[in-house]
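# Coordinate inspection notes
Residue-level listing of the chains:
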Amino acid sequence: MSGELEAKSRDDTQSSEQKFCYRWTISNFSFFVEETEECITSPVFSSEDNDKITWCLKVYPTGVDKENKDYVSLYLILLSCEKRPVWAKFEVCILNGKGEKCNTERIPSFSRILPYQALGFEKFITRGSFLSPAQVLTPDDKFTLLCKVSILQDSFSISGQNPRPAIKVPRCTLEDELGELWENSLFTDCSLLVTGHEFRAHKAILAARSPVFRAMFEHEMKERLTNRVEIHDLDPQVFKEMMGFIYTGKAPNLHSHSMACDLLAAADRYGLEDLKVMCEDALCRNLSVENAAHTLILADLHSTEHLKTQALDFITVYASEVSKTSGWMSMRESHPHLVAQAFHSLASTHRVFWALPFKQLKWSLRPNQL
């Protein structure tokens with residue numbers, strides 16, 4: 001399977017509509033139509049102009065449920081976004097052997113969509129269309145889809161005005177200068193011992209940024225009297241990342257799932273709420289089948305409600321896959337109350353789905369089928 005992106009944008013007077021195309025080819029499609037009930041998921045894709053909003057396509061060669069077993073079902077799923085909700089519309093078509101567009105379906109108006117929600121078609125095309133000897137739609141047993149997504153952007157333009165050039169305000173370099181104090185151990189007045197490694201720092205900066213360090217240096221404690229802090233059970237690399245945030249407000253290595261997990265615990269321990277939110281956001285973006293159970297445990301342990309909700313939502317969508325992982329098996333033994341909460345979330349989703357009017361069901365992706 002492969003996918004290709006084309007990008008195109010159009011600006012209007014009071015809003016902008018970002019458009020892009022995604023082409024996806026599924027090889028050996030007849031096998032899926034005839035032999036399996038599993039869905040097929042495309043690679044993750046986004047527009048070249050905005051990689052913060054990610055998507056995937058899901059195709060059900062034998063229908064999304066038994067009622068649609070004679071059809072191929074197709075859905076566009078929002079995986080992640082920087083701002084919520086996303087307003088989107090899309091159309092999708094099949095490219096035949098001559099590159100011609102066939103069987104175009106569209107959702108013509110913008111719809112409000114949140115992560116792990118979907119837009120799509122239960123009856124995209126009949127399965128019989130792929131079983132004919134001519135194989136017009138699947139030359140060389142390859143099924144090619146062209147998906148066009150439009151996203152409504154929050155932007156405005158004012159015509160007829162020619163403003164004077166504004167004064168260029170220089171960038172504030174405070175974070176760089178404080179970072180230099182930390183990196184080069186300049187003018188330090190305290191020592192921090194982390195599992196055998198010594199780091200020099202500044203009491204005033206530590207106290208200003210962390211209520212835990214502030215308490216150490218404010219009261220008649222050993223740390224104030226000796227200007228020496230001993231820190232146990234914290235990896236030196238995680239500590240350096242935390243200190244980098246204390247001095248500069250940045251944490252450049254949160255793309256690493258293990259670093260984000262360890263740094264979340266450190267941020268919680270030292271009362272660094274902004275860093276805690278940054279870790280929470282990074283973990284939300286990096287949720288996967290393999291790490292969902294561990295992320296849920298971490299969110300529960302450190303009281304990060306947004307991350308916990310996202311992890312439960314993810315597990316609800318990918319319940320069958322997550323339940324087979326070693327992380328889930330371990331969580332069943334060590335945190336049974338979280339397993340109960342996950343089942344409650346899944347049950348609640350089912351209740352909401354069955355409460356939808358029939359007309360809405362056409363546009364809803366059923367959570368137990370993802």
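Here the structure is shown first, and the text comes after it.
We now turn to the structure provided with this report.

Basis of the calculations
- Residues numbered from 1 in each chain as written.
- Predicted model: local features only at pLDDT ≥ 70, side-chain atom pairs only at ≥ 80, totals over all residues.
- Heavy atoms only, no water.
- Helix = DSSP H or I, 4+ residues; strand = E, 2+ residues; numbered from the N terminus.
- Buried < 20%, exposed > 50% of the residue type's maximum accessible area, 1.4 Å probe, protein only.
- Contact = heavy atoms within 4.5 Å.
- Areas by Shrake-Rupley, 256 points an atom, 1.4 Å probe, with all protein chains shown as cover.
- Expected span 1.5 Å × (residues − 1).
- Salt bridge = Lys/Arg side-chain N within 4 Å of Asp/Glu carboxyl O.
- Phe/Tyr/Trp six-rings, centres within 6.5 Å; stacked < 30°, edge-to-face > 60°.
- Lys NZ or Arg CZ within 6 Å of the ring centre and 35° of its normal.

Once that is clear, we can look at the overall build of the protein. Helix and strand counts for the protein come out as 14 helices and 13 strands. The proportion of buried residues among the 370 residues of the protein is 44%. Within the protein, contacts between residues separated by at least 24 positions form 61% of all contacts whose residues are at least 6 apart in sequence. Summed over its atoms, the accessible surface of the protein is roughly 20,400 Å², and 51% of this surface lies on carbon and sulfur atoms.

Further remarks concern unusual backbone geometry. The phi angle at Ser 185 is positive, at roughly 50°, despite the residue not being glycine. The residue Ser 185 is located in the loop between helix H2 (174-183) and strand E11 (190-194) in this model. According to the relative accessible area criterion, Ser 185 is partly exposed, its value standing at 35%. Residues other than glycine seldom take positive phi values, yet Thr 195 does so here, at roughly 40°.

Spanning 13 residues, helix H7 (residues 257-269) covers 19 Å between terminal C-alpha atoms, matching the ideal 18 Å at 1.5 Å per step. Next to the buried residues of H7 lie helix H6 (236-248), helix H8 (273-285), helix H9 (292-301) and helix H10 (305-317).

We now examine the pattern of salt bridges. By the definition in use, this model includes seven salt bridges. Residue Asp 281 pairs with Arg 285 through a salt bridge whose shortest N-O separation is 3.0 Å. Of this pair, Asp 281 and Arg 285 both sit in helix H8, four residues apart, which is roughly one turn of the helix.

A few words on the packing of aromatic side chains. Taken as a whole and assessed by the stated rule, the structure comprises 12 aromatic pairs. Measuring from ring centre to ring centre gives 5.6 Å for Trp 182 and Tyr 247, while their planes differ by 25°; the resulting arrangement is stacked. Note that Trp 182 is positioned in helix H2 and Tyr 247 in helix H6, a separation of 65 residues in sequence. Tyr 247 sits in the buried class, given a relative accessible area of 2%. Ring geometry for Phe 213 and Tyr 270: centres 5.0 Å apart, planes at 15°, overall stacked. With Phe 213 in helix H4 (residues 211-218) and Tyr 270 in the loop between H7 and H8, the pair connects residues that are 57 residues apart, well separated along the chain. Each member of the pair Phe 213 and Tyr 270 is classed as buried. Clustering of aromatic rings is evident, with ring pairs tying together Trp 182, Phe 199, Phe 239 and Tyr 247. Over the ring of Tyr 71 we find Lys 123, and its NZ or CZ is 5.5 Å from the ring centre. Geometry around Phe 245 places Arg 209 over its ring, the cationic atom sitting 4.9 Å from the centre.

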